[in-house]
Amino acid sequence: MLKQLLASAALVACATAGSAETKVGLITTLSGGGAGLGIDTRDGFMLAIEEAGRDDLEVVVEDDQQKPDVAVQIADRMIQSDKVDVLTGIVWSNLAMAVVPSATAQGLFYLSTNAAPAQLAGRGCNPNYFSVSYQNDNLHEAAGAYATSAEFKNTFILAPNYPAGKDSLNGFKRFYEGELAGEIYTKLGQTDYAAEIAQIRASGADSVFFFLPGGMGISFLKQYADSGVDLPLVGPAFSFDQNILQAVGDAALGVKNTSSWNKDLDNESNAHFVEAYLAKYDRLPSLYSAQGYDTALLLLSALDKAEVSDKDAFRAALEEADFASVRGEFEFSASHHPIQDIYVREVVKEGDILTNKIVGTAIEDRGHAYEDECKM
């Protein structure tokens, strides 16, 4: 089983013993502080592939170690040696920026399970690039809208200093109508937040918005809870996702966060996905799992209509998005990003398990702020 494999090992998952007609390269983070995000991405994607039972598809999975140079080396090898037709799986936006433009320039399709930086949504859009997840700003825009509706007037905001971090704070400010008590960028991969928490304490803030995915968010939440700073926290799903919650513990209870998906979304595809994922991996799925699953479903739906070698037909099949998304209704904008609702979730406890429940909708039918800059 996939969950029994070492996270740092390369994995080749083949649906057939012979030569597959379509090869997919899944590059994601399977080791280090961000491993949980990549493991969930991989497991969600592979669950859909295994359920399909196709004999014409091969998936090659490798660990990018959360390093741009490693991701580039893997992508080059997959393109030149493995002859993949489609790339997918990257979690981190700095890695996506290192890989995606080169891959699409070489004629490959890239289907994003997560990272969707602004640079690829506007002027850098490409006919072969599809973000199945969102545009990076979206969940943060929704957090800004929620903070406004909650009547927060003086929010302190912080995020890591990399493309997604900049998209995060830009997105929050786009929909937040209050004042900022402070705005700082932390180091990517940082684990000690004593200085930042001291700044929050002294700022006069009435609330805190933060985007710190993976191990960064775990460290911040634990230190924040221990600090005694008792200001309401708001964040995107990345900082309060399923695996992070178990590591943080009760310090996260009651926190509001924003997401395009949750396990309690009421549709048939989502109910099946949550049940099947829990049965296979013995854990609840996260947003990363759901996005991986949806990405595989999109790929499979396009393969049912066209061969990857017929690029125009395959692109058109992707654009149709003719699959049963775990998010419910799903459609792409002209720039190949989803148009979707973004929800407000609250961290709750179900038995001994920390999880999220939807308590409202922050933004309906949101595309993204850079659509008019895309000229493809």
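Structure: see above.
Now for a quick tour of the structure.

Cut-offs applied
Residues numbered from 1 in each chain as written. Predicted model: local features only at pLDDT ≥ 70, side-chain atom pairs only at ≥ 80, totals over all residues. Heavy atoms only, no water. Helix = DSSP H or I, 4+ residues; strand = E, 2+ residues; numbered from the N terminus. Rg over C-alpha atoms; globule rule 2.2 N^0.38 Å. Buried < 20%, exposed > 50% of the residue type's maximum accessible area, 1.4 Å probe, protein only. Areas by Shrake-Rupley, 256 points an atom, 1.4 Å probe, with all protein chains shown as cover. Lys, Arg positive; Asp, Glu negative; His and termini not counted. Charge placed at Lys NZ, Arg CZ, Asp CG, Glu CD. Right-handed = clockwise from strand over helix to strand, strands pointing away. Pairing = 2+ DSSP bridges. Phe/Tyr/Trp six-rings, centres within 6.5 Å; stacked < 30°, edge-to-face > 60°. 1 Å grid on protein atoms, 1.4 Å probe; cavity = no way out; pocket = protein on both sides within 12 Å on 5 of 7 lines; lining within 4 Å. Points joined across faces, edges and corners; volume = space filled by probe spheres on them. Nonpolar A, V, L, I, M, F, W, Y, C, P; charged D, E, K, R; others polar.

### Structural notes on the overall build of the protein
Here is step 1 of the chain: When helices and strands are counted, the protein shows 11 helices and 14 strands.
Here is step 2 of the chain: Whereas a compact globule of 376 residues would reach a radius of gyration of roughly 21 Å, the protein reaches 20 Å, a difference of no more than 12%.
Here is step 3 of the chain: Per-residue burial for the protein yields a buried fraction of 60% across its 376 residues.
Here is step 4 of the chain: Accessible surface for the protein amounts to roughly 14,100 Å². Of this, 46% is attributable to carbon and sulfur atoms.
Here is step 5 of the chain: For the protein, the distance from the average site of its 28 positive side-chain charges to the average site of its 53 negative ones is 5 Å.

### Topic: the pairing of strand β10 (residues 233–236)
Each regular strand carries side chains that alternate between the two faces of the sheet.
Here is step 1 of the chain: Burial of β10 is two-sided: the residues Leu233 and Gly235 facing one way and the residues Val234 and Pro236 facing the other way are all buried.
Here is step 2 of the chain: The parallel pair strand β9 (residues 207–210) and β10 is bridged by helix α7 (residues 215–227), and the resulting crossover is right-handed.
Here is step 3 of the chain: Two strands pair when backbone bridges link them, and β10 and strand β11 (residues 256–259) are joined in this way by 3 bridges, in the parallel orientation. Bridge pairing in β11 links Val234 to Lys256.

### What about the packing of aromatic side chains?
Describing an aromatic ring pair means giving the distance of the ring centres and the angle of the ring planes.
Here is step 1 of the chain: Per the stated rule, a full pass over the model turns up 21 aromatic pairs.
Here is step 2 of the chain: A connected cluster of aromatic rings, assembled from ring pairs, spans Trp92, Tyr134, Tyr162, Phe211, Phe238 and Tyr288.

### Quick word on the layout of surface pockets
Here is step 1 of the chain: Put simply, the largest pocket is a space of about 210 Å³.
Here is step 2 of the chain: Around the largest pocket, the lining residues are Ser260, Arg327, Gly328, Glu329, Phe330, Glu331, Ile339, Gln340, Asp341, Tyr343 and Asp365.
Here is step 3 of the chain: Ranked by the residues each element gives to the lining of the largest pocket, the list is headed by strand β13 (residues 338–350), at 4 residues.
Here is step 4 of the chain: Within the lining of the largest pocket, the residues separate by chemical class into 3 nonpolar, 3 polar and 5 charged.

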